[in-house]
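Coordinates in review
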Amino acid sequence: MKVAKLNKTYKSDPDQTVSNEYDTSHYQLYAPGIMIINGLRGAGKTFLASKYLIDAMKSNIYDRIYCISSTWNSNKGYFGKYIDEDDVYDADRDAIDNVIRSVESDRDEFEQYLQDKKEYDEFLMKLKNKSITDEETDYYESKGFLDEEFIAPKYKYKTVRAPQSLLIMDDIVGSQALMKSNNNNNILNLAVTNRHVAPLQEPYKNRSACGLAIILLTQAYRTRTGGIAPPIRQNCTQLVLFANKSKPQVDLIKSELCSIIDGDKFDKAFAYATSEKHGSLLIDFKSKCPTMQFRKGLNELIMFPDDECACKC
């Protein structure tokens, strides 16, 4: 075999500073991703999702949480502290559209804040230097900057950044209403474009869009008649599996994943992680280190020798 290197062709690298990624610590999960939590009724799906949510909110990963659920009242105890009732929607054909409109509205407020803050800072600088023209005085007066009671622009969320949002969908991924929602903003389209929801007029730091993280809680991963549609499974960034009495179903999941992960590792990790009641295996397809691809629950790493050799921590 002969190898020849091209010196002038395809030499330029694309801009990698804009990733649309939310800031997370080394051991936290990638966001905004698509997390699928799959388990039978009573397995512990909602409990695990609430544990993730508690840590995420403590770490200030998300500014706003939405939920699409037909059984919200039964989930209040888990999610109610972090989700405003106005951000909870029934699984109808307007639900995803309403969530996206809300994310876009937050985006508009953020960009308006940046513009107002820029103008107010310029006004203070000119006031300090006594360099305001008559024309500028009229403009600043119309903006209210000269009023004694004027309050400097203040951002609505804790951190000044493009808004970071999460949508939790509870056992409704097979809903025909969501599959046929308006304006093509259905669940399949959202699974492909979630990182690009609510694009910004101009990039802000490493972000060109607000993005929308997704958590899907579902009892059926893949069946002959339904389950999670292929575009959603293919774009999944984290998959959580609870114990399943149906070996064919587990084998089906394993066969689909074996193009991405080692089948032997899957068998050992799944057996260990689900050996206890309510135990679950988390597979991280966007892990920051090979040693963090498998977890029991959220905070116990399952490491294999060859992964430890390639550790990046």
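This report concerns the structure included in the present document. (Residues numbered from 1 in each chain as written. Predicted model: local features only at pLDDT ≥ 70, side-chain atom pairs only at ≥ 80, totals over all residues. Heavy atoms only, no water.)

**Structural notes on a negative patch on the surface**
Convention followed: Within the patch definition used here, like charges are joined within 9 Å and nonpolar side chains (Val, Leu, Ile, Met, Phe, Trp, Tyr) within 5 Å, considering only residues with over 30% relative accessible area and no salt bridge. Here, Shrake-Rupley sampling with a 1.4 Å probe gives the accessible areas, and only protein chains in the shown set may cover a residue. Here, a salt bridge means any side-chain nitrogen of Lys or Arg that lies within 4 Å of a carboxyl oxygen of Asp or Glu. Asp and Glu are treated as the negative residues and Lys and Arg as the positive ones, with His and the ends of the chain left uncounted. Charge positions are represented by NZ for Lys, CZ for Arg, CG for Asp and CD for Glu. Secondary structure is summarised from DSSP: a helix means a run of H or I of at least four residues, a strand means a run of E of at least two, and numbering begins at the N terminus for each.
Negative charge collects at one region of the surface, where Asp134, Glu135, Asp138, Glu141, Asp147, Glu148 and Glu149 lie side by side. Checked against the element boundaries, Asp147 lands in the loop between helix H4 (134-142) and strand S4 (165-170).

**As for the sheet that holds strand S3 (residues 88-89)**
Cut-off, in case you're wondering: Strand pairing is assigned whenever DSSP identifies at least 2 bridges connecting the two strands.
Strand order in the open sheet made by the 9 strands is S3-S2-S4-S7-S1-S8-S9-S10-S11, with mixed pairing throughout. With partners counted over all chains shown, the strands left at the sheet margins are S3 and strand S11 (300-301), one partner each. Pairing analysis gives 2 bridges linking strand S2 (residues 64-68) to S3, with the strands arranged parallel. The partner of Ile68 across the bridge, within S3, is Tyr89.

**Observations regarding the environment of Ile132**
Which entries qualify depends on this criterion: Three labels apply to residues, based on accessible area from a 1.4 Å probe with only protein chains included: buried if under 20% of the type maximum, exposed if over 50%, partly exposed otherwise in between. Should any heavy atoms of two residues lie within 4.5 Å, those residues are considered in contact.
Looking at the secondary structure, you find Ile132 in the loop between helix H3 (95-129) and H4. Look at Ile132 and you get partly exposed, because its relative accessible area is 24%. Not counting chain neighbours up to four residues away, the residues in contact with Ile132 comprise Phe123, Lys126, Leu127, Thr137 and Tyr140.

**Details of the packing of aromatic side chains**
As a reminder of what qualifies: The pairing test for Phe, Tyr and Trp rings, Trp by its six-membered ring, is centres within 6.5 Å, and the orientation test on the planes gives stacked under 30 degrees, edge-to-face over 60, and tilted for anything in between. We count a charge as sitting over a ring when the NZ of a lysine or the CZ of an arginine lies within 6 Å of the ring centre and within 35 degrees of the ring normal.
As enumerated under the stated definition, the model contains 16 aromatic pairs in all. Note on Phe266 and Phe270: the rings are 5.7 Å apart at their centroids and 10° apart in plane angle, and the pair reads as stacked. With Phe266 and Phe270 both in helix H9 (residues 263-273) and 4 residues apart, this pair spans about one turn of that helix. The exposure class of Phe266 is buried, given its relative accessible area of 2%. Chaining the aromatic ring pairs together yields one cluster made of Tyr120, Phe123, Tyr139, Tyr140, Phe145 and Phe150. Taking NZ or CZ as reference, Arg233 lies 5.8 Å from the ring centre of Tyr221, over its face. Against the face of Tyr30 rests Lys286, its NZ or CZ located 4.5 Å from the ring centre.

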